[in-house]
Amino acid sequence: MIRVQDLSFTYHGAPERTLKGLNFEIAKGEIFGFLGPSGAGKTTAQKVLYKILNGFEGEVLIEGQPLAQMGKEFFERIGVGFELPNHYLKLTGKENLALFGSFYPKEKMRKTADLFELVGMEDAMDKKVEAYSKGMKMRLNFIRAIMHDPDILFFDEPTAGLDPVNAHKIKAHIVKLKNDGKTIFITTHNMNTADELCDRVAFIVDGELQVTEAPATLKHTHGKHIVRVELTDQQTAEFSLDGLGHNPEFMQFLQKGDVQRINTLEATLEEVFIHITGKALKEL
């Protein structure tokens, strides 16, 4: 669906490039994630792809067509969930959707009431947005991105400002969009969100991609191939995963008491990020 080749971008007057020769592809129906700290170039890359920033170097293809040659019909095919949503505060939630919905063909629009119900805000659709909490504004931002049933979706920090319950709901909706065949590009510094949602992730630091791979593959490759067993009397032991089912020491240990938990020692995505880039997010 999306192919990016040697993408570079420099802001006017900036001493160096923000994006430095990025290469990646996003398949149709895939959730692809850019992971990195603030200022790494995640949002800039998205802005290039949804045609807010022009003057880039390299090539961006959407289903084989050069992005630079695509007209206003391209905007009917995409939906964007911004990290900092810009709503009209004096309008109600329903009026905000009606305004933005007027930009798209009516036959593509989803029912407004259904959208508000989707994010648990059916009781707030007739309230002015200035009375919304940050989390409510983020949920309005989400349904504004999907209201015209776009083929390609860009989400920048989609769970920022949401409580755990609503963050879980938004992530579930994103997975459903993928299952419906949508192509989704997420940028985030939240490794847990990326791990839960993304089919593949790319680590970006200082405008350069360090690695692109499936989260499970990264965690398996950089983790320990070991299982840790903890008994109820707090006895613990670790065993290699290789040949575990035929390991007599493992079987003997299990017979020493009741098993409280068994865990593999695969790396977290953040640990992989630190290992590959040499940097922790909090340091950047």
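Everything below is about the structure printed above this text.
Please read these numbers as outputs of a predicted model, since none were measured by experiment.

A. A look at helix H6 (residues 164-179). Between its first and last C-alpha atoms H6 spans 23 Å; for 16 residues at 1.5 Å apiece the expected length is 22 Å, and the two agree. If you check which residues of H6 are buried, you get Asn166, Ala167, Ile170, Lys171, His173, Ile174 and Leu177. Buried residues in H6, looked at end-on, bunch into an arc of 160 degrees, giving them a common side. Summarising the geometry of H6, the exposed residues directed more than 90 degrees from the buried face are Pro164, Val165, His168 and Asn179. Where H6 is buried, its residues meet strand S3 (31-35), helix H4 (112-118), helix H5 (134-146), strand S7 (152-156), strand S8 (183-188) and helix H7 (191-197). Of the residues flanking the start of H6, the one acting as N-cap is Asp163, its side-chain oxygen 3.0 Å from the backbone nitrogen of Val165. Following H6 by one or two positions, Gly181 adopts a phi angle in the positive range, close to 95 degrees.

B. Structural view of the environment of Ala172. Looking at where Ala172 falls in the secondary structure, it is placed in helix H6. The exposure class of Ala172 is partly exposed, given its relative accessible area of 40%. In the structure, Ala172 is positioned 55 residues away from Val227 in sequence and 30 Å away in space, judged by C-alpha atoms.

C. Inspection of helix H1 (residues 42-49) at higher detail. With 6 of its 8 residues buried, H1 lies for the most part within the structure. Here H1 has its buried residues at Lys42, Thr44, Ala45, Gln46, Val48 and Leu49. Phi for Lys51, located one or two positions after H1, is positive at around 65 degrees.

D. Layout of the pairing of strand S11 (residues 226-231). Residues Val227, Val229 and Leu231 of S11 are buried on one face, while the alternating residues Ile226, Arg228 and Glu230, pointing to the opposite face, are not. Here 5 bridges tie S11 to strand S12 (residues 236-240), and the two strands are oriented antiparallel to one another. In the sheet register, Val227 faces S12, and the bridge partner there is Phe239. With antiparallel pairing between neighbouring strands as the criterion, S11 and S12 make up a hairpin whose turn holds 4 residues, including Gln234 at a positive phi of roughly 75 degrees. Across 5 bridges, the pairing between S11 and strand S13 (residues 259-264) is antiparallel. Its bridge partner being in S13, Val227 is matched across the sheet by Thr264.

What counts and what doesn't
- Residues numbered from 1 in each chain as written.
- Predicted model: local features only at pLDDT ≥ 70, side-chain atom pairs only at ≥ 80, totals over all residues.
- Heavy atoms only, no water.
- Helix = DSSP H or I, 4+ residues; strand = E, 2+ residues; numbered from the N terminus.
- Expected span 1.5 Å × (residues − 1).
- Buried < 20%, exposed > 50% of the residue type's maximum accessible area, 1.4 Å probe, protein only.
- Arc of directions from axis to C-beta.
- Contact = heavy atoms within 4.5 Å.
- Polar contact = N/O pair within 3.5 Å; in protein donor to acceptor, adjacent residues only side chain to side chain.
- Pairing = 2+ DSSP bridges.

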